[in-house]
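# Observations on chain architecture
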Amino acid sequence: MTTSALSADAPAESSEPGPGVAARLDGLQRLVDYGAGRLDRDLLEEAGALLDRAGERLRLSGDHTVVTLAGGTGSGKSSLFNAVCGLELSPTGMRRPMTSKAHACVWGLDGAGPLLDWLDVDKRHRYARASALDLRRPDNSLHGLVLLDLPDHDSIQAVHRAEVDRFVTIADLLVWVVDPQKYADAALHRNYIVPFARHAGVTLIVLNQVDRLAPHEIDDCVADLRRLLEAEGLADPRIVTTSTLSEDGVRGFREVLVDTVAARRARGERLDVDIDKVAERLARHRGDAEPPAGVDPARRAELVRSLTDAAGAPAVAEAMESAYELRAADFVGWPVNALISRLRSDPLRRMRLTELREELRNAFTGPIGAQQGDVDTALQGVTDGVTTDLPEPWARAVRAAARSHAGELPEALGVSLKDALPTFNQVPRWWWLVKTWQYFLVLVSGLGLLWIVLLAGTGTVGAGGSSALLDAGLIPYVAILVVCTLGMGALTSAACRNLVALSSSKHAQRMERHMSESIAKVADEKVLEPVAAELDRYARFRDEVTTVLP
């Protein structure tokens, strides 16, 4: 009986996973995406490594089942490997270590090459179980088996232990070979049995070298081994006994391999267990309470009020009211009063404080913005009502989302205020009518005064003037006309100022309302929408955990 070396040139057969495994892997990918930047990095990296490993394994041949033989020095795993293969393929001996590289024996060549390349088995240590003798005695019971003999897990060479660690994470079926003397080896149980206790369904314990025991001692040894494994969390462990020295000493183990290969479920079962392990760790970050959709209306209103105060909207509205009144005074004020005030000595002008009036008039065009400290204060507590029942990583993510645009808020608030304010280039039409009326009265008063001057200058009193308009007797009447026009102008100015005071108050209230609405849009865009998006992300994470969990 001979062996033939395997090449990696054979094309891999594509095999689709079952719908359960495929759906769970898709769900796990979404969980990793949702948790990115929020959950523990090591956990996400572990899940990402599983996704990569599962993707590669599912892409490769599904007709082959990868079985690893692992154990400590002297357990006889290499002898067991040779006995199953029926050939002396792996070196045996008691010195440490004998197997330094993984050896592979494959039943069925098609598609095995790429699989062994992915397993990174050296081409010098790949063997195919096919020969002329096999053709005369065909035995396809193990067709599709990839049996690996691994280095000793307790080797003094770190590279050997690393080789074992790599293969136990990717094998479809884990076979731990122990002997009657060292089946309770602490290194084996601490480093492999306990961490992989969840993998009981894809784990087989082989008690080898039972030929050293009396028949009644075998049952006692198996019972003690089972007790030890169950105490370490391996539920209902599968244990078989073998002896490479007796003719039928590996029959039970071979039957297990035949059933495993025939079922073709080991690959999917292994992935299911790996997904279970990661999914349960991810599920710890899923709270029991249904998350809210966003910040409640009361807290939203409080946030808008705080940001309105932080942006100085009330002060801007007050300045707008004063600027409105000053602007109106230029139109509805009595020009005579303005002329008299200019002729009088103005202490503000001497102190060069008249610029304050211009600043009020131009309040709407000046820089408007909030201080960063005021914005930060406004953001405090905005998420308190929505993070109470959230797991801490997600609560932290929601709080971070609320402040994700904190640096942009001062400028955004300033822009929103400017957009909400009107320009003073547009004034009410009645202001122009009043201004026209006032200047008409001024013109009438001026003409009346000029008329009185002309009457007094002609000296026609009692002399009988040539024109009735130059009769000095008209002076009292003309004076009454001038006084009436001046009084009418003053009354018009006073009445219009009262109207301006009322309209300026309403104008300021209307502006403050517009500014508040504009700030509310900024609060929604920069604060509340990111919070709602983060809560929605968490809600989808919770739903996806249900899909991935067994």
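Residues numbered from 1 in each chain as written. Predicted model: local features only at pLDDT ≥ 70, side-chain atom pairs only at ≥ 80, totals over all residues. Heavy atoms only, no water.

### Focus on the overall build of the chain
Scanning the chain from N- to C-terminus turns up 20 helices and eight strands. A burial count over the chain gives 45% of its 550 residues as buried. Of all intrachain contacts in the chain linking residues separated by at least 6 positions in sequence, the fraction that spans at least 24 positions is 82%. Summed over all atoms, the accessible surface of the chain reaches about 27,800 Å², with 54% contributed by carbon and sulfur. (Helix = DSSP H or I, 4+ residues; strand = E, 2+ residues; numbered from the N terminus. Buried < 20%, exposed > 50% of the residue type's maximum accessible area, 1.4 Å probe, protein only. Contact = heavy atoms within 4.5 Å. Areas by Shrake-Rupley, 256 points an atom, 1.4 Å probe, with all protein chains shown as cover.)

### Structural notes on the packing of helix H2 (residues 41-59) against helix H10 (residues 266-283)
Orientation of H2 relative to H10, taken along the N-to-C sense of each, is 165°, at an axis distance of 10 Å. Between H2 and H10, the crossing angle belongs to the class labelled roughly antiparallel. Here H2 and H10 pass one another in a crossing that is left-handed. Judged by residue contacts, Leu43, Leu44, Glu46, Ala47, Leu50, Arg53, Ala54, Arg57 and Leu58 of H2 engage Arg267, Leu271, Asp274, Ile275, Val278, Arg281 and Leu282 from H10. The residue makeup of the contact of H2 with H10, split by class, is ten nonpolar, no polar and six charged. (Axes fitted to C-alpha atoms, helices over the stretch in contact; angles between N-to-C directions. Parallel < 35°, antiparallel > 145°, perpendicular 65-115°, else oblique. Left-handed = near helix turned anticlockwise from the far one by under 90°. Nonpolar A, V, L, I, M, F, W, Y, C, P; charged D, E, K, R; others polar.)

### Focus: helix H8 (residues 215-231)
Over its 17 residues, H8 runs 25 Å from end to end, which matches the ideal 24 Å to within 8%, given 1.5 Å per residue. Listed in full, the buried residues belonging to H8 are Ile218, Cys221, Val222, Leu225, Leu228 and Leu229. Along the long axis of H8, the arc covered by the buried residues comes to 130°, so they all point the same way. Opposite the buried face of H8, by more than 90 degrees, sit the exposed residues His216, Asp219, Asp220 and Ala231. Packed against the buried residues of H8 are strand E6 (173-178), helix H7 (186-193), strand E7 (203-207) and strand E8 (238-241). Two residues or fewer after H8 comes Gly233, characterised by a positive phi angle close to 100°. (Expected span 1.5 Å × (residues − 1). Arc of directions from axis to C-beta.)

### Notes on the environment of Ile475
By the element assignment, Ile475 lies in helix H20 (residues 475-548). Classification of Ile475 as partly exposed rests on a relative accessible area of 24%. Residues Ile475 and Leu454 lie 21 residues apart in sequence; the distance between their C-alpha atoms is 9.6 Å.

### Details of the pattern of salt bridges
Enumeration over the complete set of coordinates arrives at 28 salt bridges. With its nearest N and O atoms 2.3 Å apart, the salt bridge here joins Arg24 to Asp276. With Arg24 in helix H1 (residues 19-35) and Asp276 in helix H10, the pair connects residues that are 252 residues apart, well separated along the chain. Its relative accessible area of 9% is what places Arg24 among the buried residues. Assessed through its relative accessible area of 12%, Asp276 is described here as buried. Measuring nitrogen to oxygen at the nearest pair gives 3.6 Å for the salt bridge that ties Arg396 to Glu392. Of this pair, Arg396 and Glu392 both sit in helix H17 (residues 392-402), four residues apart, which is roughly one turn of that helix. (Salt bridge = Lys/Arg side-chain N within 4 Å of Asp/Glu carboxyl O.)

### Describing the packing of aromatic side chains
Tallied over the full model, the rule gives four aromatic pairs. Arranged with centres 5.0 Å apart and planes meeting at 40°, the rings of Trp176 and Tyr192 form a pair that is tilted. Taken as a pair, Trp176 in strand E6 and Tyr192 in helix H7 lie far apart in primary sequence, 16 residues in all. Comparing Trp176 with Tyr192 shows no difference in burial state: the two are buried. By way of ring pairs, the aromatic residues Trp394, Tyr538 and Phe541 are connected into one cluster. The side chain of Arg166 reaches across the aromatic face of Phe167, ending 4.3 Å from its centre. The residue whose ring lies beneath Lys277 is Phe196, and the NZ or CZ to ring-centre distance is 5.5 Å. (Phe/Tyr/Trp six-rings, centres within 6.5 Å; stacked < 30°, edge-to-face > 60°. Lys NZ or Arg CZ within 6 Å of the ring centre and 35° of its normal.)

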